[in-house]
Amino acid sequence: MVVGLSLAREKERLIQELKAIGAIRSKSVEEAFRRVPRELFLPEHLRMYAYMDTPLPIGSGQTISAPHMVCLMNEELQLEVGYKVLEVGAGSGYHACTIAEIVAPSDVDKSLWGHVWTLEIVEELVSYARRNIEKAGYGDRVTVIWGDGSKGLPEYAPYDRILVTAAAPDVPQPLIDQLKPGGIILIPIGRPYSTQILVKVEKKEDGRVTRRRLLDVIFVPLKGEYGW
Ligand code: SAH
């Protein structure tokens, strides 16, 4: 109970901090961060650190992204209710749930809901993510699929938005092909364990593709056919 109370306080403090540094700019990203309990996506012994602004280990050598990175990416994705979103790199399942809370909010009629598909290449993390997502109550809005996400997921394409949460050598062509016109891809590009750049790819309505460099980041490497 005491732990629960202090986590709630720490979460509110972190939200104020994320707003002050500009990682949270909109009400929808703020509310999504408030509603999804990050502690449920962490190994038990790390739960007390849920609202420190830092990545944390989730097993299999992988990490859950820091809160500021999750919020900043959600802002740059310009998400709307009803969107179909593909994530490459489910990890703990946390980021996918924060997106689900924006494209398929708990307080909006289900007929208007979008959906999040998230791919994970490490088998143990697939079941870890699924368990966490169920516990947090997002099992009906987030689908975790085991596979090489560098090739995307053609079965449910095209997507309104695609995010990659592992660093790639370049933007995989299949992801561009599976994006709707008017869509956005966010992807870190750069060598493993060195500085990488978060890139925003936009597919214009006429099919033209533009790229913009947003900021320096550090992600685990993308594996698979279009990975390292
Ligand atoms: N979004 C996650 C953090 C992801 S860490 C969260 O909210 O917790 C990056 C994840 O990408 C790791 O779990 C890693 O196993 C996975 N990954 C790396 N290459 C991949 C690929 N080609 N396809 C799918 N997942 C991949």
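So, how was this worked out
Residues numbered from 1 in each chain as written. Predicted model: local features only at pLDDT ≥ 70, side-chain atom pairs only at ≥ 80, totals over all residues. Heavy atoms only, no water. Buried < 20%, exposed > 50% of the residue type's maximum accessible area, 1.4 Å probe, protein only. Helix = DSSP H or I, 4+ residues; strand = E, 2+ residues; numbered from the N terminus. Pairing = 2+ DSSP bridges. Near = heavy atom within 4 Å. Polar contact = N/O pair within 3.5 Å; in protein donor to acceptor, adjacent residues only side chain to side chain. Areas by Shrake-Rupley, 256 points an atom, 1.4 Å probe, with all protein chains shown as cover. Salt bridge = Lys/Arg side-chain N within 4 Å of Asp/Glu carboxyl O.

Draft legend 1. Representation of the pairing of strand S3 (residues 84–88) in the model. When you tally the buried positions in S3, you get four out of five residues, the bulk of the element. Inspection of the sheet shows S3 paired to strand S4 (residues 115–120) by five bridges, in the parallel sense. Following the sheet pairing, Val 85 is matched in S4 by Val 116. With four bridges joining them, S3 and strand S6 (residues 159–164) adopt parallel strand pairing. Within S6, the position partnered with Val 85 by the bridge is Arg 161.

Draft legend 2. Representation of the site of the ligand in the model. What surrounds the ligand is a group of 25 residues, the closest being Ser 92, Glu 120, Asp 148, Gly 149 and Lys 223. Residue Gly 89 places a main-chain N or O atom 3.0 Å away from a nitrogen atom belonging to the ligand. A distance of 2.6 Å separates an oxygen atom of the ligand from a polar atom in the side chain of Glu 120. Protein coverage of the free-state accessible area of the ligand, which is 580 Å², stands at 99%. Elements represented by at least two residues in the shell around the ligand include exactly strand S2 (62–64), S3, helix H4 (94–103) and S4. With three residues, the single largest contributor to the shell around the ligand is S2.

Draft legend 3. Representation of helix H3 (residues 67–76) in the model. Counting buried positions along H3 yields nine of 10 residues, so the element is predominantly enclosed. All buried positions along H3 are accounted for by Pro 67, Met 69, Val 70, Cys 71, Leu 72, Met 73, Asn 74, Glu 75 and Glu 76. Positioned one or two residues after H3, Gln 78 has a phi angle of 45°, which is positive.

Draft legend 4. View of the pattern of salt bridges. If you walk through the whole model with that rule in mind, you get 19 salt bridges. Close ionic contact of Lys 19 with Glu 30 constitutes a salt bridge, the shortest N to O distance being 3.1 Å. Of this pair, Lys 19 sits in helix H1 (residues 2–20) while Glu 30 sits in helix H2 (residues 27–35), placing them 11 residues apart in sequence. With a closest N to O distance of 3.6 Å, Glu 31 and Arg 35 form a salt bridge. Taken together, the residues span about one helical turn, with Glu 31 and Arg 35 both in helix H2 at a distance of four residues. By relative accessible area, Arg 35 is classed as partly exposed at 34%. Where salt bridges share partners, they join Glu 12, Lys 19, Lys 27, Glu 30, Glu 31, Arg 34, Arg 35, Glu 101, Asp 107, Lys 110, Asp 140 and Arg 141 into one cluster.

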